[in-house]
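Fold and contact review
Letter by letter, the chains look like this.
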Amino acid sequence: MSQTIVLTRELKLETLAKLTAPPKKKKKTELLTPDPKDKKRLSRDSIGESDYETHTEEETTEVEEKELEKTEWLTHIMKKHPGVLELREKLTPVTKKPSFGTLLRKSQTESRDSFSKEILIQLMMQHLELMGYNETLNSLEDESKLNFEQEATHEESNLMSLLCVGIKDVDKVWDLQLSYEGSRSMELIEDPEVELVDNDLAGYFDDEDLDEDESQIDVDIWDESVSTNKNIIFEEEGSRKIVSAGTLNKLIEYLSHETISDPVYAKTFFQTYQSFTTQGKLLFKLLRRYQVPKKNMNEREYNDKKKKIQYRVCAVLKKWIEDHFSDFTERLLLEISDFIDNRLIKDDRGNLAKQLRFIINQQTSGKQNSKDKKSYESAPMPITPKNIFSPKLELEHVDEEEIARQITLIDFKLFSQINSCEFLKLAWRNEKYKHRAPNLIALNKRFNDLTEWVVTTILKCDKLRKRTKVLIRFIKIAFNLRKLNNFQSFYSVLKGIEHPSIKRLRYTFEDLPRRFSDMLLDLSKLMSTENGFKSYRDVLITANKPCLPFIALILTDIEEIEQKYTDYVENLISFKKCLQISSIIEPLNEYQKKNYNFQPVIQISKFLQNFENLTSEKMNEISLKLEPENAIRSVIN
């Protein structure tokens with residue numbers, strides 16, 4: 001190439017959009033029959049062998065003239081070309097404009113607006129050079145017969161920038177490998193640099209890699225041997241028999257057992273399964289479980305067993321969709337839709353098909369999303385100041401109780417959006433899994449921002465009297481948050497009051513009226529760290545809903561479980577560990593179901609989210625300036 005590749009963010013997005021744009025409609029249909037000699041060459045750019053099928057003009061015209069409703073076009077194409085669906089999902093995070101025209105019949109219709117191979121190779125070379133993988137760079141130059149166009153100065157990888165443009169705003173990161181089974185079966189050449197590059201990208205894309213036990217061989221669910229203590233282990237817990245550990249197949253088999261229905265087990269499984277497998281793999285095995293083979297059974301026994309298992313599999317799917325709909329990507333929903341149309345209907349399971357289709361339609365339309373349903377009919381009237389519409393609305397203008405309400409609405413919204421999978425694999429602090437926990441990370445950040453806002457607001461008062469007055473307001477806010485059982489925000493405000501840069505302001509605290517000093521002492525005792533926050537835990541048990549618990553303590557409890565239990569026990573998935581984690585997650589799910597019934601006040605909410613906080617260094621500096629060490633009261637303003 002003759003010119004350096006310098007891509008701006010806008011150019012990246014524009015080019016990627018063009019890459020996935022549908023081609024213009026042609027007036028005439030051109031029937032191409034590839035030369036057999038070119039078949040090998042063309043196959044590199046084709047979707048599959050179907051591209052080489054011979055079509056008569058009459059057959060082609062029949063397909064093209066078949067009119068489909070716009071609503072049916074997507075499903076029709078996806079079912080006909082599963083490879084297109086897979087590629088579409090991989091491009092969706094980048095472009096947000098899914099397209100099929102440039103992917104279908106690529107051997108017949110070329111996309112002229114896409115990246116050329118030369119540009120893509122140059123992007124790869126620039127990334128390799130930046131990362132210091134010189135051997136791989138030289139090999140790529142030799143194989144591609146292209147010379148690397150080195151930029152004069154560059155600080156970032158254009159390739160990584162392109163990939164990350166679309167990823168930063170999505171909740172799920174797609175695995176960019178074209179085929180899960182195919183990628184695992186390919187023989188990889190031993191190359192240390194290739195391994196390093198793969199590790200660089202693993203944190204962004206490789207959501208399939210869940211650190212599964214390498215000693216476990218993926219066996220078909222119907223080929224695994226009968227249940228023994230070598231593939232599933234049970235323990236007695238009082239009068240109940242619980243699953244302690246098992247292979248993936250046996251855990252799924254027990255989940256859909258034809259004679260045993262264990263609601264506690266099912267709830268635990270769906271809350272924690274993403275710690276040991278993926279959504280796609282679970283769905284694949286459930287659908288395989290539905291296909292009951294006839295093994296050493298007469299016709300009557302077989303039909304009876306098949307019917308029971310198939311009903312249980314559909315019941316499990318229904319429960320999964322009802323309680324964890326966010327687990328399903330468009331590809332998985334399409335697979336279920338295909339299962340309904342091409343399996344249940346053909347098996348004369350029309351009632352089961354109707355139930356599954358109904359629940360999917362409900363979830364898709366949002367009718368089941370109770371978290372977004374709010375009614376303010378019985379909500380108390382907001383306590384608004386006279387200058388509510390003033391652009392200079394500040395803390396001192398608003399009643400402390402109303403501030404507590406608005407803080408609670410903001411923080412509970414974040415809390416209610418947290419999914420169970422965000423608590424697995426320590427996702428909130430594990431770089432590899434952080435993309436799984438956007439809401440949890442956002443709530444933790446909000447906690448810190450609120451604490452820093454309290455500190456900043458107090459330190460900005462250069463007069464002792466005003467400083468004490470603002471401190472009293474924050475004590476009142478903390479008290480009102482406690483009354484609302486919003487322990488998350490309450491402790492955040494309390495942490496701000498007890499911040500080292502504030503706590504050292506001796507004369508500010510000395511001027512507090514006695515009742516506010518006592519109030520602060522009582523609030524501090526409630527959140528005492530003694531005996532693992534025993535006082536707080538005791539209060540939380542009896543707290544009425546709605547309630548927003550202190551999340552950081554829950555994360556600490558989960559970390560202790562992760563340290564205490566291993567993921568595998570004797571090559572079996574440790575379901576006992578899953579039970580322990582689920583016992584922590586389950587109460588949170590119950591708290592999420594009960595909303596706070598307050599009316600949002602946009603003007604107040606706005607300034608409670610747009611903080612301009614001081615840095616830690618600046619906090620300490622200002623604190624020392626306001627009340628120097630060993631300063632006498634007479635010199636304090």
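Residues numbered from 1 in each chain as written. Predicted model: local features only at pLDDT ≥ 70, side-chain atom pairs only at ≥ 80, totals over all residues. Heavy atoms only, no water.

Details of the overall build of the chain
For clarity, the cut-off: Helix and strand assignments come from DSSP, with helices taken as H or I runs of at least 4 residues and strands as E runs of at least 2, each series counted from the N terminus. Under the scheme applied here, a residue whose accessible area is under 20% of the maximum for its type counts as buried, over 50% as exposed, and between as partly exposed, the area being computed with a 1.4 Å probe on protein chains only. The contact criterion used is simple: two residues touch if any of their non-hydrogen atoms lie within 4.5 Å. Areas reported here follow the Shrake-Rupley algorithm with a probe of radius 1.4 Å; residue values treat only the protein chains shown as occluding.
When its secondary structure is counted, the chain shows 28 helices and four strands. For the chain, the residues scored as buried account for 44% of the 637 residues in total. Taking all contacts inside the chain whose residues are at least 6 apart in sequence as the whole, residues at least 24 apart take part in 75%. On the chain, roughly 36,600 Å² of surface is accessible, and the fraction owed to carbon and sulfur atoms is 50%.

Focus on the environment of Ser-256
Let me state the cut-off plainly: Distance and chemistry together define a polar contact, namely a pair of N or O atoms within 3.5 Å, with one atom able to donate a hydrogen and the other to accept it when in protein, and with adjacent residues in sequence counting only for side-chain atoms on both sides.
Counting through the fold element by element, Ser-256 comes out in the loop between α11 (248-255) and α12 (263-272). A C-alpha to C-alpha distance of 5.5 Å links Ser-256 and Val-313, two positions 57 residues apart in sequence. Leaving out residues up to four positions away in the same chain, Ser-256 has contacts with Arg-289, Arg-312, Val-313 and Val-316. At 3.0 Å, the side chain of Ser-256 forms a polar contact with the side chain of Arg-289.

Description of the pattern of salt bridges
The condition that has to hold: By definition, a salt bridge exists where a carboxyl oxygen of Asp or Glu is found within 4 Å of a side-chain nitrogen of Lys or Arg.
Here the structure, examined in full by the defined rule, presents 34 salt bridges. A salt bridge links Lys-285 to Asp-218, with the shortest nitrogen-to-oxygen separation between them at 3.0 Å. Here Lys-285 is found in helix α13 (residues 279-290), whereas its partner Asp-218 is found in the loop between α10 (192-205) and β1 (232-237), with 67 residues between them in sequence. Judged by its relative accessible area of 52%, Asp-218 falls in the exposed class. One salt-bridge network, held together by shared partners, links Lys-425, Glu-562, Asp-567 and Lys-577.

Brief notes about the environment of Gln-122
Relative to the assigned elements, Gln-122 resides in helix α6 (residues 117-131). Here Gln-122 falls in the buried class, since its relative accessible area comes to 2%. The spatial distance from the C-alpha of Gln-122 to the C-alpha of Glu-141 is 9.4 Å, given a sequence separation of 19 residues. Only 3.0 Å separates the side chain of Gln-122 from the backbone oxygen of Asn-147, close enough to count as a polar contact.

A closer look at the confidence of the model for the chain
We count it as follows: A residue's pLDDT is simply how confident the predictor is in it, with values from 0 to 100.
Summarising the model, the chain shows a mean pLDDT of 79, and 72% of its residues fall at 70 or more. Low pLDDT, under 50, characterises residues 1-13; the stretch is placed with 23 contacts to residues that sit more than four places away or in other chains.

Digging into the side chain of Asp-557
By the secondary structure assignment, Asp-557 is in helix α25 (residues 551-564). For Asp-557, a relative accessible area of 16% translates into the label buried.

Thoughts on the packing of aromatic side chains
For the record, the criterion: Each aromatic pair joins two rings of Phe, Tyr and Trp (for Trp, the six-membered one) with centres within 6.5 Å, and gets the label stacked for planes under 30 degrees apart, edge-to-face for over 60, and tilted for any other angle. Here, a charge over a ring is recorded when the distance from Lys NZ or Arg CZ to the ring centre is within 6 Å and its angle to the ring normal is within 35 degrees.
Using the criterion set out here, one finds 25 aromatic pairs in the structure. Centre to centre, the rings of Tyr-596 and Phe-598 are 6.1 Å apart; their planes meet at 20°, and the pair counts as stacked. These aromatic residues form a ring-pair network of at least three members: Phe-234, Tyr-254, Tyr-265, Phe-269, Phe-270, Tyr-273, Phe-276, Trp-320, Phe-325, Phe-328 and Phe-575. Of note, Lys-241 hangs over the ring of Phe-234, and the distance from its end group to the ring centre comes to 4.6 Å. Taking the ring centre of Phe-509 as reference, the NZ or CZ of Lys-503 above it sits at 5.3 Å.

Notes on the packing of α13 against helix α15 (residues 330-344)
To characterise two packed helices, one gives the angle between the axes of the helices and the distance between these axes. Going by this rule: Lines are fitted to the C-alpha atoms to define the axes, a helix being fitted only along its stretch in contact, and any angle between axes, read from their N-to-C directions, falls within 0 to 180 degrees. By the definition adopted for this analysis, an angle is roughly parallel if under 35 degrees, roughly antiparallel if over 145, roughly perpendicular if from 65 to 115, and oblique otherwise. Residue polarity follows a fixed list, in which Ala, Val, Leu, Ile, Met, Phe, Trp, Tyr, Cys and Pro are nonpolar, Asp, Glu, Lys and Arg are charged, and the others, Gly among them, are polar.
Direction vectors running N to C along α13 and α15 enclose 10°, while the axes themselves pass 11 Å from each other. When the axis of α13 is compared with that of α15, the two are roughly parallel. Contacts between α13 and α15 involve Gln-279, Gly-280, Leu-283, Leu-287 and Tyr-290 from the first element and Leu-332, Glu-335, Ile-336, Phe-339, Arg-343 and Leu-344 from the second. Broken down by class, the residue content of the contact of α13 with α15 amounts to seven nonpolar, two polar and two charged.

So, the pairing of strand β2 (residues 240-246)
Threshold: For two strands to be treated as a pair, DSSP must find no fewer than two bridges joining them.
Here β2 lies mainly inside the structure; five of its seven residues are buried. The pairing of β1 with β2 spans six bridges and is antiparallel. When the bridges of β2 are listed, Ile-233 appears paired with Ala-245. In the sheet, β2 pairs with strand β4 (residues 572-574) via two bridges, with the strands oriented antiparallel. From the neighbouring strand, Gly-246 faces β4, where its bridge partner is Ile-573.

Focus: the sheet that holds β1
Read across the sheet, four strands follow the order β1-β2-β4-β3 without closing on themselves; strand pairing throughout is antiparallel. Two strands close off the open sheet at either side, each with one partner strand: β1 and β3 (568-569). With respect to the sheet, α11 is in contact with β1, β2 and β4, its orientation differing from that of β2 by roughly 150°.

Thoughts on helix α14 (residues 299-323)
The criterion, for reference: A helix is expected to span 1.5 Å multiplied by its residue count minus one.
The end-to-end C-alpha distance of α14, which contains 25 residues, comes to 36 Å, matching closely the 36 Å that a straight helix rising 1.5 Å per residue would cover. Buried within α14 we find Tyr-302, Ile-309, Gln-310, Arg-312, Val-313, Cys-314, Val-316, Leu-317, Trp-320 and Ile-321. Packing partners of the buried residues in α14 comprise α11, α12, α13, α15 and α16 (350-365). Where α14 begins, the capping side chain belongs to Asn-298, and its oxygen is found 3.1 Å from the backbone nitrogen of Arg-300.

Digging into the packing of helix α17 (residues 400-416) against helix α19 (residues 464-483)
Condition: Rotating anticlockwise by less than a right angle from the far helix to the near helix defines a left-handed crossing, while the corresponding clockwise rotation defines a right-handed one.
The geometry of α17 relative to α19 is characterised by a closest axis approach of 8 Å and an angle of 55° between their N-to-C directions. Put simply, α17 runs oblique to α19. In this structure, α17 meets α19 at a crossing whose hand is right-handed. Of α19, the residues touching α17 (which contributes Glu-400, Glu-401, Ile-403, Ala-404, Ile-407 and Thr-408) are Arg-473, Lys-476, Ile-477, Asn-480 and Leu-481.

Some remarks on α11
In an α-helix, one full turn covers 3.6 residues, which means residues spaced three or four apart are oriented alike. Burial analysis of α11 places eight of its eight residues in the buried class, the great majority of the element. Inspection of α11 places Leu-248, Asn-249, Lys-250, Leu-251, Ile-252, Glu-253, Tyr-254 and Leu-255 among the buried residues, and these make up the whole buried set.

A closer look at unusual backbone geometry
Across the junction of Lys-545 and Pro-546, the peptide omega takes the value 5°, indicating a cis bond. Relative to the helices and strands, Pro-546 resides in the loop between α24 (534-542) and α25. Of note, Glu-570 is a non-glycine position whose phi angle comes to about 50°, a positive value. With respect to the secondary-structure elements, Glu-570 resides in the loop between β3 and β4. Phi is positive for Asn-571, close to 65°, though the residue is something other than glycine. In this structure, Asn-571 sits in the loop between β3 and β4. Using a relative accessible area of 43% as the deciding quantity, one classes Asn-571 as partly exposed.

Here we look at the environment of Arg-288
The residue Arg-288 is located in helix α13 in this model. Take Arg-288: its relative accessible area is 24%, and that puts it in the partly exposed class. Arg-288 sits 66 residues away from Trp-222 along the chain, and the two C-alpha atoms are 8.1 Å apart.

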